[in-house]
Amino acid sequence: MQRTHLSLIASALLSAGLAGCGGSSDSTPTTTTVAVVDADTVADQNAAALLSQMTLDEKIQLVHGAGFGSSPIGGAGFVAGIPRLGIPDIISADSSGGVNVDKTGATSLPSPLALAASWDTSLANQYGALIGKELRTLGFTEGLGGGVNLAREPRNGRTFEYLGEDPLLAGNMITQRIIGTQAQNVIATIKHFAVNDQETNRFTSNAIVDERTLRELSLLPFEIGVKNGAPGNVMCSYNLVNGVKACQNSYLLTDTLKNEWGFKGVVQSDWFMAVTDTVPAAIAGLDEEQPGSLDDSVPGFGGLKSHFNQSLKAAIQSGQVPQSRLDDMVLRKLRTLYKLGIMASPPKAGGTIDRTAGNALAQQVAEQSMVLLKNAAPAGTSTTALPLNAASIKSIAVIGGHADVAVLAGGGSGGSPAQDGNPVTCLDTSILVEGIFSACATWYKSSPLAAIQAKAPNATVTYLDGTDATAAATAAATADVTIVFATQWESEGMDLASLSLPNHTTDPSNQAYDQDALISAVAAKAKRTVVVLETGTAVTMPWLANVHAVLESWYPGIQGGPAIANLLFGTVNPSGKLPLSFPVADSDLPQKTIAPTDVNVVYNEGLMMGYRWYDAHQIAPLFPFGHGLSYTTFAYSGMSSATDAAGNVTVSFTLTNNGSRAGAEVAQVYAQLPSGIGEPPKRLVGWQKVQLAAGQSTKVSVTVPPQQLAIWNINKHQWKVPAGSYTFYAGGSSRDANAVSSGSTIAGQVIARKL
Ligand code: BGC
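Residues numbered from 1 in each chain as written. Predicted model: local features only at pLDDT ≥ 70, side-chain atom pairs only at ≥ 80, totals over all residues. Heavy atoms only, no water.

*Asks:* Can you break down the overall build of the protein residue by residue, with the values?
*Replies:* Summing up its helical and strand segments, the protein has 18 helices and 30 strands in all. For the protein, the C-alpha radius of gyration of 27 Å lies close to 27 Å, the compact-globule estimate for 755 residues. With the C-alpha coordinates aligned to their principal axes, the bounding extent of the protein is approximately 85 × 60 × 60 Å. Sorting the 755 residues of the protein into buried and exposed places 60% on the buried side. Total accessible area on the protein stands at roughly 26,200 Å², and carbon and sulfur atoms take up 54% of it. Each charge class in the protein can be summarised by its mean position, and for the 47 positive and 59 negative side chains these summaries are 5 Å apart. (Helix = DSSP H or I, 4+ residues; strand = E, 2+ residues; numbered from the N terminus. Rg over C-alpha atoms; globule rule 2.2 N^0.38 Å. Buried < 20%, exposed > 50% of the residue type's maximum accessible area, 1.4 Å probe, protein only. Areas by Shrake-Rupley, 256 points an atom, 1.4 Å probe, with all protein chains shown as cover. Lys, Arg positive; Asp, Glu negative; His and termini not counted. Charge placed at Lys NZ, Arg CZ, Asp CG, Glu CD.)

*Asks:* Quick rundown of the packing of aromatic side chains? Include the residues and the values.
*Replies:* All told, the structure shown has 13 aromatic pairs when counted by the stated rule. Aromatic pair Trp119 and Trp687: ring centres 5.4 Å apart, planes at 85 degrees, arrangement edge-to-face. Note that Trp119 is positioned in the loop between helix H4 (112–118) and helix H5 (121–138) and Trp687 in strand E24 (residues 683–692), a separation of 568 residues in sequence. Note on Trp119: relative accessible area 1%, which makes it buried. Connected via pairs of aromatic rings, a cluster forms that spans Trp119, Tyr611, Phe625, Tyr670 and Trp687. Residue placement shows Arg152 over the ring face of Tyr603; its charged tip is 3.9 Å from the ring centre. Taking the ring centre of Trp712 as reference, the NZ or CZ of Arg215 above it sits at 3.9 Å. (Phe/Tyr/Trp six-rings, centres within 6.5 Å; stacked < 30°, edge-to-face > 60°. Lys NZ or Arg CZ within 6 Å of the ring centre and 35° of its normal.)

*Asks:* Run through the sheet that holds strand E4 (residues 189–193), naming residues and quoting values.
*Replies:* Across the sheet, which stays open at both edges, the three strands sit in the order E4-E6-E9 with parallel pairing between neighbours. Looking at which strands have only one partner, the edges of the open sheet turn out to be E4 and strand E9 (266–269). Here the average twist between neighbouring strands, direction ignored, is 25 degrees. Examined bridge by bridge, E4 and strand E6 (residues 233–236) share four bridges and lie parallel to one another. Residue pairing across strands places Ile190 opposite Val234, the latter belonging to E6. The sheet strands contacting helix H8 (residues 220–229) are E4 and E6, and the helix crosses E4 at an angle near 155 degrees. (Pairing = 2+ DSSP bridges. Axes fitted to C-alpha atoms, helices over the stretch in contact; angles between N-to-C directions. Contact = heavy atoms within 4.5 Å.)

*Asks:* Residues and numbers for the sheet that holds strand E29 (residues 740–746), please.
*Replies:* Pairing within the open sheet is antiparallel, and its four strands lie in the order E24-E23-E28-E29. The two strands at the open ends of the sheet, each matched to only one other strand, are E24 and E29. For this sheet the average axis-to-axis angle between neighbouring strands, irrespective of direction, equals 20 degrees. Here strand E28 (residues 724–731) runs beside E29; their pairing, made up of seven bridges, is antiparallel. Looking at the pairing, Thr727 lines up with Gly743 of E29.

*Asks:* Just give me the short version of the state of the cysteines, but keep the residues and values in it.
*Replies:* Inspection of the entire model under this criterion finds two disulfides. Here Cys236 connects covalently by a disulfide to Cys247, the sulfurs 2.1 Å from one another. Judged by the sign of its S-S torsion, about 110 degrees, the cystine formed by Cys236 and Cys247 is right-handed. Of this pair, Cys236 sits in strand E6 while Cys247 is found in the loop between strand E8 (244–245) and helix H9 (250–260), placing the two residues eleven residues apart along the sequence. There is no split in this pair, since Cys236 and Cys247 are both buried. A sulfur-sulfur distance of 2.0 Å marks the disulfide that ties Cys426 to Cys440. For the disulfide bridge between Cys426 and Cys440, the dihedral angle about the S-S bond is near -70 degrees, and by the sign convention the bridge is left-handed. (Disulfide = S-S within 2.5 Å.)

This is the structure in structure tokens:
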């Protein structure tokens, strides 16, 4: 877990025998010392040597972008290289769910929230690797995906870009994503640091959050990702944290990220208004301003001025910012370029994307991430509504959600363009997000309707667009199965007014009708109603009791159509689990509304965030965190837990597939910490995704390192595992009534603070 940045010099003895093998006639044993230096040290040494050759202007050039739109190949950021020293241009592109640059043919993967619903860390690695590979193929040095802000506020318009509400799930998934990307010799980013949990007033909002909540929740996915994934780039966020701008916040950037977590890469500002003051930003630990400009005094995009060009140079010359701080900024950049092999081999633009490989991964992620929320048997039948049996179905009505042509994607920098063309016409192009960005959704050409018809070639499949609820209900009345598609569009720069499915009033650019009313009308008449959701976050479902099945497909990416059909027909058995809680109503959320007047966002709920909130306040969610059904069933038994001398707890149990199909279960382990210390009723401490044949059993062991049991001591500012009795639960969700449990008494310990 812990990387060492110290020089590792090992001595190796070469034996006389080896010398002999070399053909030496001298039989006297010889001793040779060989210096073995780790890659971090080499990178540091190379960076220091190069820095010593740089002029002040060259150093300044490396710590700011050259302005919005300055990249010769598109993308978001451009730091000009220095050819005389062999330093390449550093060109960055947004890449949350695929390279967000138009007309490149890059793969549009399912959204990061979907990835989180797979709970599959090796898939996260492949997801990061594919994006890294495509970035490099197109000439980009750095990917700006990697959002990991927790879904404290599920109406946050960027929830689709993030990895859910739990810090361990998000932290472990982002770690593997980073490792996957950087293995392609591309710099990975983790963002938005920190507490950037909603979009309303995003440039000015001030998150007011206590230290313990900060450390145990908001910062924890970053801590896990930074320590275990070692990203080259951390993007600090627009908002303020406890009154100080995140990009000018020395507690976040220097004390915590760099000094405590040992971050060796670059802290880069988010794009607009993240930096307002040169000297405080530089002193606080900011290493790169984006998008920057060639002239700090000239207003750039949005009328904004930059701060890390002439202004920073003047601050260095006047001594307001020490030279050592500028050198540190540059060293961080250079050592990252060396460490990731970019100095030796910078990316070259103009490569061709392998869409076959991209689409295969897009489909795999989609199939592993969809969550079967409900699957009941229609009245008078004994079999569940899903999977559909093509042999016995004669007619299928597919309704709404543009399912005839496309699947939905998110907007803003975390979206990715419809590389194959957008088949859905925007209803109102005059509406703008933040007065600048289009409020029109991106749709990918991947038709669920065509994929459903292909699965049931002998069935009559009809499509109605949903604008006429009466016609839809009439069609549903005679069809063997009715599949209603419902969509919810999210984007950077806006929050959702509510978790209700949007209608023509709440999202007039993208919705022509009232989706809840359509589903209710159809459900009232259909023999078998299946709802397929394409959403970026949780939605409320006033019609839930009246439909038989609900499949959450998130924003399922360019292969969404075939993936949805594969799940509906059981070609793929669902195995996704919710990475965030679905509440019954908005009024169940800790923050009742998001008011534009609330510039101070107060984290009054403290540690009770996400499922911790519902558990602590005994509020029944619509679907709990971790929930997800399968076409088979799993049973947990025989739980035990054992603690070793280092404080690692190994939780073991038997998992049995007691249904009739092969399937995968995300077996989740939660811990209840000792009472009386202010902790929520439970926290996720580990999981394993296990594939089992029908009837198969296996012993599952999940090791819980002490860090997963630690709480933040606000007096000593350190992690500590409290001594006392713990209960561990293993089950199929955070509220599995059949979960098994085991108690352990743990001695407690302080977790080393410094790396
Ligand atoms: C977003 C970042 C993004 C950047 C560059 C900002 O508005 O907050 O996530 O990487 O733009 O496009």
